[in-house]
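Examination of the molecular architecture
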Amino acid sequence: MNVSVISHPIVAHSMHHLRSQSTQTAQFRQYCHLVTTPVILAATEALPLHETSVQTPLELTPSKTIAKMPIWVPILRAGLGMLRVAQDLFPESKVGHIGLERDELTAEARTYYQKLPNMNDNPVVVLDPMLATGGSAIHALDYIKERSTPSSITLACIVAAPEGIQAINQNHPDVRIVTAEVDRELNDVKYILPGLGDFGDRYFHA
């Protein structure tokens, strides 16, 4: 399967606090940002570089810059929790938005907002903290591919369920998944176990 799982002590430590039901909103946001940082770095590790040079205070020296900045596409609203870190790491990058919400009876995604920049030939990273059934992510990936031809697409997550990973691999085998954790399974109402609850509610204190 086309999935990378981040292994780092700060990820393990932060995931402990993200999972804990006693973690309050401010701390939840802090640990979300800590986990997101290595996830974003791993999701962008293959960005192409441009060979150039730079004048230091002492001499001209060869250097490299990012050839094409990634474009972030958070799936609203939970994906906004990862966007701040992405923009801090890549302040010159563009952002698109896809608003989806889950029907609690059918677990199907419903679109309520979509706005994307020109993404042709750019690497795109979709931000979706909780990959459960994969329905929302597949909907977003379908929409992106119908309207543009990115050079690559990566799905960046914090927690992923095996069912969601399998769904992405079946429907979009070219999309790489980068996640901090792969959890055990989905329950009968399609929530991730052991999970960390409703990410959006906990991050936005809703």
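What counts and what doesn't
Residues numbered from 1 in each chain as written. Predicted model: local features only at pLDDT ≥ 70, side-chain atom pairs only at ≥ 80, totals over all residues. Heavy atoms only, no water. Helix = DSSP H or I, 4+ residues; strand = E, 2+ residues; numbered from the N terminus. Rg over C-alpha atoms; globule rule 2.2 N^0.38 Å. Buried < 20%, exposed > 50% of the residue type's maximum accessible area, 1.4 Å probe, protein only. Contact = heavy atoms within 4.5 Å. Areas by Shrake-Rupley, 256 points an atom, 1.4 Å probe, with all protein chains shown as cover. Core = buried A, V, L, I, M, F, W, Y, C linked by side-chain atoms within 4.5 Å. Pairing = 2+ DSSP bridges. Expected span 1.5 Å × (residues − 1). pLDDT = per-residue confidence, 0-100.

All right, on to the overall build of the protein chain then. Check the secondary structure of the protein chain and you find 6 helices and 15 strands. Taking 17 Å as the expected radius of gyration for a compact globule of 206 residues, we find that the protein chain reaches 17 Å, a close match to that expectation. By its C-alpha atoms, the protein chain is 60 × 40 × 30 Å across when sized along the principal axes. The proportion of buried residues among the 206 residues of the protein chain is 45%. The contacts in the protein chain between residues at least 6 apart in sequence include a share of 64% that link residues at least 24 apart. Of the roughly 10600 Å² of accessible surface on the protein chain, 51% is carried by carbon and sulfur atoms.

With 34 residues, the main nonpolar core has Met15, Leu18, Leu127, Ile158 and Phe199 as its most contacted residues. Only helix H1 (9-19), helix H2 (25-43), helix H3 (80-89), strand E8 (123-127) and helix H6 (199-204) provide two or more residues apiece to this core. For this core, the element with the most residues is H2, which contributes 8 residues. Among all residues touching Leu18, those that are not within four sequence positions of it are Phe28, Tyr31, Cys32, Val35, Ile158, Leu196 and Arg202. Counting residues in each nonpolar core, the second largest holds 24 residues, with Leu100, Ala140, Tyr143 and Leu155 among its members.

One can find Thr154 in strand E10 (residues 152-156). Leaving out residues up to four positions away in the same chain, Thr154 has contacts with Ala43, Val124, Val125, Val126, Val175, Arg176 and Val178.

What follows covers the sheet that holds strand E11 (residues 159-160). With parallel pairing, 3 strands are arranged side by side in an open sheet as E9-E11-E13. Each edge of the open sheet carries a strand with a single partner, namely strand E9 (130-131) and strand E13 (181-182).

Our next topic: the side chain of Ser14. Looking at the element boundaries, Ser14 is found in helix H1. Once residues lying within four places of it in the same chain are set aside, the contact partners of Ser14 are Tyr31, Leu34 and Val35.

What follows covers the pairing of strand E12 (residues 176-179). Going residue by residue along E12, you find Arg176 and Val178 tucked away on one face and Ile177 and Thr179 tucked away on the opposite face as well. Sheet topology places strand E1 (residues 3-5) next to E12; 3 bridges connect them, and they run parallel. Within the sheet, the bridge partner assigned to Ser4 lies in E12 and is Val178. The pairing of E10 with E12 spans 3 bridges and is parallel. Within the sheet, the bridge partner assigned to Leu155 lies in E12 and is Ile177.

As a further point, take H2. Working note: α-helix, 3.6 residues per turn, so residues spaced by three or four point in the same direction. Between its first and last C-alpha atoms H2 spans 26 Å; for 19 residues at 1.5 Å apiece the expected length is 27 Å, and the two agree. Every buried residue of H2 is accounted for by Thr25, Phe28, Tyr31, Cys32, His33, Val35, Thr36, Pro38, Val39, Ile40, Ala42 and Ala43.

Reading fine detail from the predicted coordinates is not recommended where pLDDT is low. For the protein chain, the mean per-residue pLDDT works out to 93, and 95% of the residues sit at or above 70. Across the protein chain, element-level confidence peaks in E12 with a mean pLDDT of 98 and bottoms out in strand E7 (residues 109-115) with 82.

Moving on to the environment of Pro117. Considering the arrangement of structural elements, one finds Pro117 in the loop between E7 and E8. It is 9.1 Å that separates the C-alpha atoms of Pro117 and His97, two residues lying 20 residues apart in sequence. For Pro117, the residues in contact, after removing those within four places along its chain, are Ile71, Lys94, Val95 and Gly96.

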